[in-house]
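Examining the three-dimensional arrangement
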Amino acid sequence: MRVVAHSKFAKGMHADWVAFYNNQAVNRASFTTEETLGIANDGEVLFTWEVTDFDQLSKHGADPEIQAHIARMQETASVYQAHDLQDDDGPGLYFGIFTFENESAEEWIKVWSTDEKRLTRNEVFAIVDDHSVAVLVEGTGTPEQVAAHLERPEVKEHVTRINEQARIWRLEPLELD
């Protein structure tokens, strides 16, 4: 099962959060694969994992060291289960990982966020590295509108020029015990 989390923290900086996250990698290795972490800003991150053992994830989240870290940073998180896209998916919450060449992550975000014809709102952009961005968005278009958007000459030119690749999932809230 693919899990996506949008975490915000009121205390500390993203460097503190990332250091703790990286320190826990060995513990997550027994129940996660395909991890991607992006920094949205100094108090906000997006990450995704393919979870191979949900019981292990629950135990990990209940670990006193994890709980102390959450309390120390005053962290809150929205957690979602990601589903593969279906032909009839319309408006809703989506998560994507976009990779590209020939422009920086900041330039890529600017192109998206300044497109007055985009079919998304309430975007959270998180930089994964110089050439990839994780995005949490509220999609507003029907399947037909999305198809037409992707056929716009300026969109097609941009995607081709930067060799953009995307992995996108539809999200549903996930309750963790």
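Notes on the structure in this doc start here. Fair warning: this is a prediction, and the values are worked out from it, not measured in the lab.

About the criteria used
- Residues numbered from 1 in each chain as written.
- Predicted model: local features only at pLDDT ≥ 70, side-chain atom pairs only at ≥ 80, totals over all residues.
- Heavy atoms only, no water.
- Buried < 20%, exposed > 50% of the residue type's maximum accessible area, 1.4 Å probe, protein only.
- Helix = DSSP H or I, 4+ residues; strand = E, 2+ residues; numbered from the N terminus.
- Arc of directions from axis to C-beta.
- Contact = heavy atoms within 4.5 Å.
- Phe/Tyr/Trp six-rings, centres within 6.5 Å; stacked < 30°, edge-to-face > 60°.
- Pairing = 2+ DSSP bridges.

Each full turn of the α-helix corresponds to 3.6 residues, which orients residues three or four apart in the same direction. What helix H7 (residues 153–162) keeps buried is the set Val155, His158 and Ile162. Burial along H7 is one-sided: seen end-on, the buried residues are contained in an arc of 65°. Among the exposed residues of H7, those pointing more than 90 degrees away from its buried face are Pro153 and Thr160. Elements that come into contact with the buried residues of H7 comprise helix H5 (105–113) and helix H6 (143–150).

In this structure the tally under the stated criterion is 13 aromatic pairs. Between tryptophan 17 and phenylalanine 47, the ring centres sit 5.6 Å apart and the planes meet at 40°, which makes this aromatic pair tilted. On the criterion of sequence distance, the pair formed by tryptophan 17 in helix H1 (residues 14–23) and phenylalanine 47 in strand S3 (residues 44–51) is long-range, its members being 30 residues apart. Classification of tryptophan 17 as buried rests on a relative accessible area of 3%. Members of the aromatic cluster, connected to one another through ring pairs, are Phe9, Trp17, Tyr21, Phe31, Phe47 and Trp49.

A few words now on the pairing of strand S2 (residues 32–41). Bridging between S2 and S3 involves 7 bridges; their strand directions are antiparallel. Its bridge partner being in S3, asparagine 41 is matched across the sheet by glutamate 44. A loop of 2 residues connects S2 with S3, the two strands running antiparallel in sequence.

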